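Commentary on secondary and tertiary structure
Single-letter residue listing:
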Amino acid sequence: MSEVRLSVEPRTEFGKGAARRTRRAGKIPAVLYGHGSDPRHFALPAIEFARVVRENGSNAVITLALEGSDELALTKTIVVHPLKNYIEHVDLLVVKRGEKIIVDVPVVVTGNPGPGGLVNQDVGTLQVEVEALHIPDQFEVSIEGAEIGTQITASQVELPQGAVLITDPDSLVVAVNEPQREEEEGEDATAEAGDESAEAGE
């Protein structure tokens, strides 16, 4: 994950009205907290921050140029408007170089299973402890050619060097199952036949 730098402005106004004015100015209200320091309120440049998240994922680590000093921060929470799809607010966490942090990393399933296999992904993210500047963008799990009955647990997902799995290692991440459609249709037909017999008996 590449390290990026953003210049941000301190915020002195608070409340819904102030937040709306910040967003109208092309910025996002944000809070930086952690390492025992008091929360600091500032405004992120909206277009630049959206690009950072798009290119680096939701665990983006950013160098914030704030009030004459640099602060390394992990994107912790991004609040998106449910209807208009713009970023309403961002929480960031102070991190230090070399520090290990716990994050949720997306799991991406790639490839196609063997003949007749149906892929079911049970886990969308894995929680791991990693160095703050070496957070992986995602974990890839290949099911290329996997036979029906294949199951891949969290402990079988390949992690980068230095990463420690926090998620239960026995958690089922992805499975290749046999399609149930024909069996369910057969059960429906049997049930309908039973209903017709019952009606005839009446």
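Residues numbered from 1 in each chain as written. Predicted model: local features only at pLDDT ≥ 70, side-chain atom pairs only at ≥ 80, totals over all residues. Heavy atoms only, no water.

Here we look at the side chain of H81
- Structurally, H81 can be placed in the loop between β6 (69-80) and β7 (87-94).
- A relative accessible area of 17% means that H81 is categorised as buried.
- If sequence neighbours within four positions are ignored, H81 has contacts with Y86 and E88. (Helix = DSSP H or I, 4+ residues; strand = E, 2+ residues; numbered from the N terminus. Buried < 20%, exposed > 50% of the residue type's maximum accessible area, 1.4 Å probe, protein only. Contact = heavy atoms within 4.5 Å.)

Observations regarding the nonpolar core
- One finds V103, L126, I135 and V173 to be the most contacted residues of the largest nonpolar core, which totals 26 residues.
- When residues of this core are traced back to their parent elements, those giving at least two are β6, β8 (100-110), β10 (125-131), β11 (139-142) and β14 (172-177).
- Counting residues per element, this core draws most heavily on β8, at four residues.
- In contact with V173, other than residues within four places in its own chain, are V107, N120, Q121, D122, V123, L126, I152, T153, A154 and V157. (Core = buried A, V, L, I, M, F, W, Y, C linked by side-chain atoms within 4.5 Å.)

Quick notes on the pairing of strand β5 (residues 61-66)
- β5 sits mainly inside the fold: six of its six residues count as buried.
- By the alternation rule, side chains of β5 split into V61, T63 and A65 and I62, L64 and L66, which are all buried.
- Direction of pairing for strand β1 (residues 4-7) relative to β5: parallel, over a ladder of four bridges. Each residue of the ladder has a partner; that of V4, found in β5, is I62.
- Sheet topology places β5 next to β6; six bridges connect them, and they run antiparallel. (Pairing = 2+ DSSP bridges.)

Focus: helix α2 (residues 46-56)
- Turning to α2, its buried residues number three or more, namely F49, V52 and N56. All buried residues of α2 project into a common sector of 55 degrees when viewed along the axis, lining one side. Projecting away from the buried face of α2 at angles above 90 degrees are the exposed residues I47, R54 and E55.
- Residue G57 follows α2 closely and has a positive phi angle near 85 degrees. (Arc of directions from axis to C-beta.)

Side note on the sheet that holds β8
- On the basis of which strands lie adjacent, the open sheet formed by four strands has the order β11-β8-β10-β13 and mixed pairing. The open sheet has two edge strands with one neighbour each: β11 and β13 (164-165).
- Judged from the two bridges that link them, β10 and β13 form a sheet pairing that is antiparallel. In the sheet register, V128 faces β13, and the bridge partner there is L165.

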